[in-house]
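# Secondary and tertiary structure notes
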Amino acid sequence: MNIFLVSPHYPPRFIGGTEKMAHRLAHSFAARGHTVEVAAVDSVGMQDETLLCQTEMEGEVTVHRLRLDERSLLRPLGLNFCNTAIQNWFREHIRSNRPDVVHLLSGYLTTGCVLEAAFEEKIPSLVTLVDFWMMCPLITLLRSDGQLCSTPVEPARCVWCIRSMQRRYRLLDQTLGGLPGELFTFLGKAGLLRASRAYREEEEAIRQRREHNRQLLQNVDVVITQSRFFEEKLKEYDMLPRRMIFAPYGLEKTNHREGSARQKKSEKFRIGYLGQIAVHKGVHVLVEAYRLLDLPPGRAELRLYGDLEAWPEYVRSLRAMARGREDVLFLGPFPGHEIDRIMDECDVIVTPSVWYENHPTVILEAFDHGKPVIASDLGGMIEMVRHGVDGFLFEAGNPRSLAEQLRKLIDDPSLYARLCAGIQPVRRLDEEVSDLELLYAELIKSRRG
């Protein structure tokens, strides 16, 4: 099969969960003898041309790295749901290369243009929804005041959230506890902001975006979700596709020693965080929870692994919170092949996200290495962590709730051992790839038949 995968980003410059998934799938399919191409946005900035493409070989995988000129965007990034430059590139590429199947991951940055190109050429298409880009211009359903959009909202609410990407709006909302956003939403719903041409254009763009993405999901052959929670969100937003499959992804089989991985190797209780050092990931909740524990020196340590340069202002605030605690370690990013070592340096992994995580890879990686997980009680995390069996759930955004769960493990080694013993094997990548192969073949046969 000739398989065309499309991801928002692709390693090595970006190494988030979606990027790791794209990389795993691409090389797994190639190892099985398929022809594999990947397209991803490598950067959004100021280029001399509207769109640049750098094509390279990564082993047996062909990778197209797109560089987008932000001046070509007709709308702000959050409102961008179909970029002409990207659309033209995908149309030409698909028309020329004729892949057997097109598989989109997310939709962020690349938008759904690749699906439309597949529709035009009558090529089978799938989309794996790893985030909320189809529903939310900011991807996370998380507002600037820190509150979640728990139900579908008025277009005016989305307009305010996009404006809050600018610091002056964001600070105003945060300082006044979200009241400016609530007032703006009320005025928009009442039609009292339509005298503003800028507002009318933004509101209309939100409506167009919602309808455009709803049509995409209606027309794509298969939508893959990785949590039951996500399926419920699609229902709430009236975006149910004609065919939806629940298929959590898998991990490569590792060579780490399961027996030793489950043993505590340090007198200190080592609390680990792996991921983006960003607000929506809730790292501040974890740092504050650790500070509340007020442990004596040598009793424990908090180990934070992640890029410290992407959101420097946020990192500075975390360092200020941790001031005076030498046992809070900012350890920076690490290459993917060192995951065994990193996991071996931690006793428990915390995912303190304040947004609706779908199916975090780090939880699977923790379980695969025999490490219990403490996670926020949000989204798909609730489906992955069994409270009191292989980890704990805590009230999202509540440092005291998280500190309570951490203290249980620190104070009770036998409880820690029971959680380790309760961890079940994770789904393997080979199983996921085999299932996708069968699905691809079915769609190709159906289309040709």
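The structure under discussion appears in the preceding block.
Small disclaimer: the values here were computed from a predicted structure and weren't measured.

Calculation notes
Residues numbered from 1 in each chain as written. Predicted model: local features only at pLDDT ≥ 70, side-chain atom pairs only at ≥ 80, totals over all residues. Heavy atoms only, no water. Helix = DSSP H or I, 4+ residues; strand = E, 2+ residues; numbered from the N terminus. Rg over C-alpha atoms; globule rule 2.2 N^0.38 Å. Contact = heavy atoms within 4.5 Å. Areas by Shrake-Rupley, 256 points an atom, 1.4 Å probe, with all protein chains shown as cover. Pairing = 2+ DSSP bridges. Axes fitted to C-alpha atoms, helices over the stretch in contact; angles between N-to-C directions. Buried < 20%, exposed > 50% of the residue type's maximum accessible area, 1.4 Å probe, protein only. Right-handed = clockwise from strand over helix to strand, strands pointing away.

## Thoughts on the overall build of the protein
Scanning the protein from terminus to terminus reveals 17 helices and 14 strands. Taken over C-alpha atoms, the radius of gyration comes to 22 Å for the protein, in line with the 22 Å a tight globule of 449 residues would show. Its C-alpha atoms put the protein at 60 × 60 × 40 Å along the principal axes. For the protein, the proportion of contacts with a sequence separation of at least 24, taken over those separated by at least 6, is 69%. Here the protein displays about 19,600 Å² of accessible surface, and carbon together with sulfur accounts for 50% of that area.

## Notes on the sheet that holds strand β8 (residues 244-246)
The 8 strands are arranged β3-β4-β2-β1-β5-β6-β7-β8 in an open sheet whose pairing can be described as mixed. Pairing within the sheet leaves two strands with one partner each, and these edge strands are β3 (51-58) and β8. On average, each strand axis in the sheet is tilted by 20° relative to the strand beside it, whichever way the strands run. In the sheet, strand β1 (residues 2-7) pairs with strand β2 (residues 35-45) via 6 bridges, with the strands oriented parallel. The residue bridging Ser7 from the neighbouring strand is Ala40, located in β2. Contacting β1, β5 (101-105) and β6 (125-129), helix α3 (residues 113-120) crosses the sheet at an angle of about 160° to β6.

## Focus on the side chain of Thr361
When you line up the elements, Thr361 lands in helix α13 (residues 361-368). Judged by its relative accessible area of 6%, Thr361 falls in the buried class. The contacts of Thr361, once residues within four sequence positions are left out, are Gly17, Arg24, Tyr249 and Leu251.

## Some words on the pairing of strand β11 (residues 328-332)
The alternating pattern of β11 places Val328, Phe330 and Gly332 on a buried face and Leu329 and Leu331 on a face that is not buried. With helix α11 (residues 312-321) bridging strand β10 (residues 300-305) and its parallel neighbour β11, the resulting β-α-β unit is right-handed.

Honestly, that's just the spatial picture; any functional story needs more than this.
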